[in-house]
Amino acid sequence: MKKTFMLLMAMVMVVMMAAGCGGGEKKKAEAPKVLRVGTEPTFAPFEFQKDGSKEFDGFDMDLIRAIGKQLNMKVEILNMGFDALIPALNAGNIDVAAAGMSITPDRQKAVDMSDPYYVAGLVVVVNKDNTAVKGINELNNKGIAVQIGTTGAERAAKVPGAKVKNFNTNAEVFLELKNKGVEAVIIDKPVAEYFLATGGGKDYAKIVGDTMEAESYGLSLKKNSPLTKDINKALLDLKKNGEYDKIYAKWFGAVKK
């Protein structure tokens, strides 16, 4: 009888231990996995670090954190050189690169690129009370302010008869527009949108016309990564549930429908 009782107790202990182990494994399985994200944080407003801060800020950073939340993954952001991002992906040192990376045929041969999440390019900015200029076609023989050495300066130089004024900084370019020393500015779309959303530009300036020389940004992943499909699904879900629009509005103003 004693042996039988001891045997039963032993069996109960084994069952309890097994149940305990099973519970631990379940808890571990439910813990968020880590999504290792590489970035080069000198490209405001997409990725940057504020003075004296170690935190990564910007549109890309908010977007990848939202994607991580959607996938129940903990986002870990790593600082590295832009040229090191694709090698790091292929070596398996990071899972995703979020760095304002244009989707190009050459990059698509080397890595997976997500669906586009931002369309960059050049835009025309004018004063709010300017109703004559509706885009690049109305700038012939007019004054255009640009930053020296930019693609905006190259595009302005091709406008027939344009009186192009070159400045060292974007701040000087927009100040010239505000003072009505020129009819328009030609500048990178994200720079313009960021200035209008967070700077004083929203009080006196507006973007007109279509995006010129448009190029799309995408997230990069290792070739044939199983995460690519999940990232695209999460990105689509964020656009459907309005979270993408909130992040966009924070950095660039309201999304154009």
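Residues numbered from 1 in each chain as written. Predicted model: local features only at pLDDT ≥ 70, side-chain atom pairs only at ≥ 80, totals over all residues. Heavy atoms only, no water.

**Q** So what exactly am I meant to see when it comes to the packing of aromatic side chains here?
**A** Two aromatic rings, taken as a pair, are described by how far apart their centres are and by the angle between their planes. Within this structure, the stated rule accounts for 19 aromatic pairs. Their ring planes at 40° and their centres at 5.1 Å tell us that Tyr118 and Phe252 sit as a pair that is tilted. On the criterion of sequence distance, the pair formed by Tyr118 in strand β7 (residues 118–127) and Phe252 in helix α9 (residues 243–252) is long-range, its members being 134 residues apart. Judged by its relative accessible area of 2%, Tyr118 is buried. Through pairs of rings, three or more aromatic residues link up here, namely Phe43, Phe46, Phe59, Tyr117, Tyr118, Tyr217, Tyr244, Tyr248 and Phe252. One cation-aromatic arrangement involves Lys189 over Tyr118; the distance from NZ or CZ to the ring centre is 5.4 Å. (Phe/Tyr/Trp six-rings, centres within 6.5 Å; stacked < 30°, edge-to-face > 60°. Helix = DSSP H or I, 4+ residues; strand = E, 2+ residues; numbered from the N terminus. Buried < 20%, exposed > 50% of the residue type's maximum accessible area, 1.4 Å probe, protein only. Lys NZ or Arg CZ within 6 Å of the ring centre and 35° of its normal.)

**Q** For this particular structure, what's the right way to read the environment of Ser225?
**A** Considering the arrangement of structural elements, one finds Ser225 in the loop between β12 (220–221) and α8 (227–240). A polar contact is formed between the side chain of Ser225 and the backbone nitrogen of Leu227, at a distance of 3.1 Å. (Polar contact = N/O pair within 3.5 Å; in protein donor to acceptor, adjacent residues only side chain to side chain.)

**Q** Looking at this model, I keep getting lost on the sheet that holds strand β9 (residues 163–167). Mind explaining?
**A** Working definition: the strands of a sheet are paired by backbone hydrogen bonds and lie parallel or antiparallel to each other. Within the open sheet, the five strands sit side by side as β9-β8-β10-β7-β11. Their pairing is mixed. For this open sheet the edge positions go to β9 and β11 (205–217), each flanked by a neighbour on one side alone. On average, adjacent strands in this sheet sit at an angle of 25° to one another, irrespective of strand direction. In this fold helix α7 (residues 189–198) packs onto β7, β10 (184–188) and β11, with an angle of close to 60° to the strand it touches most, β7. (Pairing = 2+ DSSP bridges. Axes fitted to C-alpha atoms, helices over the stretch in contact; angles between N-to-C directions. Contact = heavy atoms within 4.5 Å.)

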